[in-house]
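In case you want the letters, here they are:
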Amino acid sequence: MSDAQPLNAPQKRVLEYVADSVSRRGTFPSGPRIARQLGLHHSTVYKHLGALADRGFVGVEVEGRRRRFHLTERGRAFGSTALPRLGRIPAGPLLPLEAELDDVVASVHDLVPGLLPGDFLLDVEGDSMIDRGLRPGMTVVVRPNVVPPPGAVCAVWVEGEGGTLKQVYAEGDHVRLVPANPDHPERRVPAHQVRVQGVVRAAIDVQLFR
């Protein structure tokens, strides 16, 4: 296989999953595990791993009839730009936010410069932030552990209610959550019930890239 030829979509998907698994767990996932997680037949997984080995992303050690795979430096470099996609964030009614790994996006640095370790992605649902250009189906890049300036668009968790995407204004012992759509009312919530999960740094219309 020519090194100049780009990886096809299934090969990228396998490599992204492997790189993420190695990064988070420290071990190369087994073929059956990859097959289960990605919904592939185990023979298809090994075919893709063989193609990745030919390209230098994966190393192979043969012990009798058993093959042991490991991620090469090239494979680690490919996975180093992957960001976790942690679920969806409502921009309408407050709903529980499930913080679980749905997917990873590789080479997002090519789309959004200045990313930092810890940044994560959320998909926008609802239209309450539409006047700030955040439409349903877009993906926002969120930076945690920063103090939001007044009016910053933030992913917010309201105790007992769930997560939402709103403009945030800290007002003493209360926090004002302001939508960017006149059809949605703003809210004033006790500060002890509000946790800012992160400040929105960028938005991507992922539908353009799928």
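Residues numbered from 1 in each chain as written. Predicted model: local features only at pLDDT ≥ 70, side-chain atom pairs only at ≥ 80, totals over all residues. Heavy atoms only, no water.

Looking at this structure, how should I read the packing of helix α2 (residues 31–38) against helix α3 (residues 42–54)?
When two helices pack together, you describe them by how their axes are tilted relative to each other and by the distance separating the axes. As a packed pair, α2 and α3 sit with axes 9 Å apart at the nearest point and diverge in direction by 110 degrees. When the axes of α2 and α3 are compared, the pair comes out roughly perpendicular. Residues Gly 31, Pro 32, Ile 34 and Ala 35 of α2 form the contact with α3, whose own contacting residues are His 42, Val 45, Tyr 46 and Leu 49. (Axes fitted to C-alpha atoms, helices over the stretch in contact; angles between N-to-C directions. Helix = DSSP H or I, 4+ residues; strand = E, 2+ residues; numbered from the N terminus. Parallel < 35°, antiparallel > 145°, perpendicular 65-115°, else oblique. Contact = heavy atoms within 4.5 Å.)

Is there a simple way to think about the pattern of salt bridges in this case?
Any two side chains of opposite charge can pair if their charged atoms end up close together. Counted according to the given criterion, the structure contains five salt bridges. Arg 176 is paired through a salt bridge with Glu 171; the nearest N and O atoms lie 2.8 Å apart. Overall, the relative accessible area of 29% leaves Glu 171 in the partly exposed class. Linking Glu 186 and Arg 176 is a salt bridge whose minimum nitrogen-to-oxygen distance equals 3.5 Å. Of this pair, Glu 186 sits in the loop between β9 (174–178) and β10 (187–190) while Arg 176 sits in strand β9; the two residues are ten residues apart in sequence, bridging distant segments of the chain. Residues joined in a network through salt bridges with shared partners are Glu 171, Arg 176, Glu 186 and Arg 188. (Salt bridge = Lys/Arg side-chain N within 4 Å of Asp/Glu carboxyl O. Buried < 20%, exposed > 50% of the residue type's maximum accessible area, 1.4 Å probe, protein only.)

Hey, could you run me through the environment of Asp 173 in this one?
Residue placement: Asp 173 occurs in the loop between β8 (162–171) and β9. By relative accessible area, which is 55% here, Asp 173 ends up exposed. Placed 16 residues apart in sequence, Asp 173 and Val 189 show a C-alpha to C-alpha distance of 8.7 Å. Not counting residues up to four positions away in its chain, the partners in contact with Asp 173 are Pro 190 and Ala 191.

I would appreciate a short explanation of the environment of Phe 57 in the present structure.
Mapped onto the elements of the fold, Phe 57 is located in the loop between α3 and β1 (58–63). As a C-alpha pair, Phe 57 and Leu 71 span 14 residues in sequence and 6.4 Å in three-dimensional space. Leave out the neighbours within four places in its chain, and Phe 57 touches Leu 7, Leu 15, Leu 52, Leu 71, Thr 72, Arg 74, Gly 75 and Phe 78.

Purely geometric stuff here, so don't read any function into it on its own.
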